[in-house]
Amino acid sequence: MKAASGEQALAGERKLRMPSCLLKLTRVVLSHKPCALFTLIFVFVSLAYQKLYWGIGEDPKSSVPTSSLSAERSCAHYVPSPLDMAGGPSPSTGNVFFVETSEQTAPSYLFSCSVESAARTHPASRVMVLMKGLAKENGSLPKHWAFSLLSCFPNVEILPLDLKELFSGTPLEQWFLQPQRQQEPHFLHVLSDACRIVLMWKFGGIYLDTDFIVLKNLQNLTNALGIQGDSVLNGAFLSFEVKHKFMELCMQDFVQNYNGWAWGHQGPELLTRVFKKWCSLGTIKSMSCKGVSALAQEVVYPIPWQDWEQLFEAVSAMELQKLLKNTYAVHIWNKLSHGTKLEIPSQALLAQLYSQFCPATYTKMKQDSEELSRRAV
């Protein structure tokens, strides 16, 4: 972030000095031979090039880092045209966040599909992938097919996750600095729960777990979260305006009612507790209350976690269309489904989702599957 700020400051200085420099040069040229006009033209072109170079990538409205790590890439097969990336323009340009709180730097097919599908459905948004394991990298990404593929999308930024900086100035700052927390059995999951509510409060936008496949643009689902079933809210998808009071209450509850030893206490149960207080409810249903919406299960959790095996069952195109008619994204429940083999290609629901909504990742999956088949012969 400091490097980016330094570049912007330097760019500003150059822009401010241009007029005086040009004025002095013009006076000198006018007092010498006409051949000096060539010099003036050359300098004009050079300064214009510098201004263009330093202006590229600047986003004055941005409040988050812009310096994505670089990756070796070959994009001929992966970069879609703007018309291919989405069915229409994005309603707004809010950021879409993904977070990896472990040291993992070898993304899975599902991870890649999650980011790719979000990038395609949100072409006007910055899709920011924050990874704790990249904090030790020196300006470049590890050599991995997923980083090369995702770096081909112009709106995807893959960045180190600086947890200390993220939690600074929030109620969770002191919680994070307590070293004994890392000994808790569900610490990585709790850390992920913490990151998402702080990101929403600090920056606003959309948060998605890395086991979602996004079907439609999510930007019109503002100040919203989804019901996963049994009157329980889930934070795998969150969409909130910056500094929203609901997210502030979530941060306060995170600290005041903390229990890192109980699975889900800092995640779905926290969001459910806060929403019930927010709306003075005993039971949660699909509704909007005080500007915050609890979305119907079909919107982002059309396959209940109890029925995750449906993802691997064959469905017809008509059945798939009917199933996903009112769905914006599909949660894949990776904690339950990750050990199940997916045949590629096949008519399995999950295979069809890959094929339609993250075709670049799907192409890589097919190539790898074919290579394994050749080796087995």
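Rules of the game
- Residues numbered from 1 in each chain as written.
- Predicted model: local features only at pLDDT ≥ 70, side-chain atom pairs only at ≥ 80, totals over all residues.
- Heavy atoms only, no water.
- Pairing = 2+ DSSP bridges.
- Helix = DSSP H or I, 4+ residues; strand = E, 2+ residues; numbered from the N terminus.
- Axes fitted to C-alpha atoms, helices over the stretch in contact; angles between N-to-C directions.
- Buried < 20%, exposed > 50% of the residue type's maximum accessible area, 1.4 Å probe, protein only.
- pLDDT = per-residue confidence, 0-100.
- Contact = heavy atoms within 4.5 Å.
- Phe/Tyr/Trp six-rings, centres within 6.5 Å; stacked < 30°, edge-to-face > 60°.
- Salt bridge = Lys/Arg side-chain N within 4 Å of Asp/Glu carboxyl O.
- Disulfide = S-S within 2.5 Å.

1. Observations concerning the sheet that holds strand β9 (residues 292–295)
Part 1: If you trace the 8 strands from one edge of the open sheet to the other, you get β3-β2-β1-β4-β7-β6-β9-β8, paired in mixed fashion. The open sheet is flanked by β3 (156–160) and β8 (287–289), the only strands paired with a single partner. Direction aside, neighbouring strands of the sheet carry axes that sit 25° apart on average.
Part 2: The pairing of strand β1 (residues 96–100) with strand β2 (residues 127–131) spans 5 bridges and is classified as parallel. Looking at β2, one finds that Phe98 is bridged to Val129.

2. Structural notes on the pairing of strand β6 (residues 224–229)
Part 1: Taken across its 6 residues, β6 has 6 buried, putting it largely inside the fold.
Part 2: With 5 bridges connecting them, β6 and strand β7 (residues 232–240) associate as antiparallel partners. Residue pairing in the sheet places Leu225 in a bridge with Leu238 of β7.
Part 3: Here β6 folds back onto β7, and the loop between the two strands holds 2 residues, one of which, Asp230, carries a positive phi near 55°.
Part 4: The pairing of β6 with β9 spans 3 bridges and is classified as parallel. Looking at β9, one finds that Gly226 is bridged to Leu295.

3. Some remarks on the confidence of the model for the protein
Part 1: Mean pLDDT over the protein works out to 83, with 76% of the residues at or above the 70 mark.
Part 2: Here residues 1–62 is modelled with pLDDT under 50, and outside its nearest four sequence neighbours on either side it reaches 22 contacts, counting other chains as well.

4. Some words on the packing of aromatic side chains
Part 1: Summed over the entire model, instances satisfying the criterion amount to 14 aromatic pairs.
Part 2: Between Trp175 and Phe254 the ring centres are 5.0 Å apart and the planes differ by 85°, which places this aromatic pair in the edge-to-face class. Residue Trp175 is located in helix α7 (residues 173–176), and its partner Phe254 is located in helix α9 (residues 245–256); the two are separated by 79 residues in the primary sequence. Neither Trp175 nor Phe254 differs from the other in exposure class; each is buried.
Part 3: An aromatic cluster of three or more residues is present, and its members are Phe167, Trp175, Phe176, Phe187, Phe254 and Tyr258.

5. Here we look at the pattern of salt bridges
Part 1: Inspection of the entire model under this criterion finds 12 salt bridges.
Part 2: The residue Arg126 makes a salt bridge to Glu157 at a minimum N-O spacing of 2.8 Å. Placement of the pair is Arg126 in the loop between α4 (109–121) and β2 and Glu157 in strand β3, with a sequence separation of 31 residues. Residues Arg126 and Glu157 agree in their burial class; the two are buried.
Part 3: Taken together, the shared-partner salt bridges in this structure form one network comprising Asp193, Arg196 and Asp209.

6. Structural notes on the state of the cysteines
Working definition: the covalent bond between the sulfur atoms of two cysteines is a disulfide.
Part 1: Under the defined criterion, the tally for this structure stands at 2 disulfides.
Part 2: Between Cys113 and Cys358 runs a disulfide, and the two sulfur atoms are separated by 2.1 Å. One disulfide, between Cys113 and Cys358, carries an S-S torsion of -85° and so falls in the left-handed class. With Cys113 in helix α4 and Cys358 in the loop between α14 (349–357) and α15 (359–376), this pair connects stretches of sequence that are 245 residues apart. The residues Cys113 and Cys358 share a single accessibility class, namely buried.

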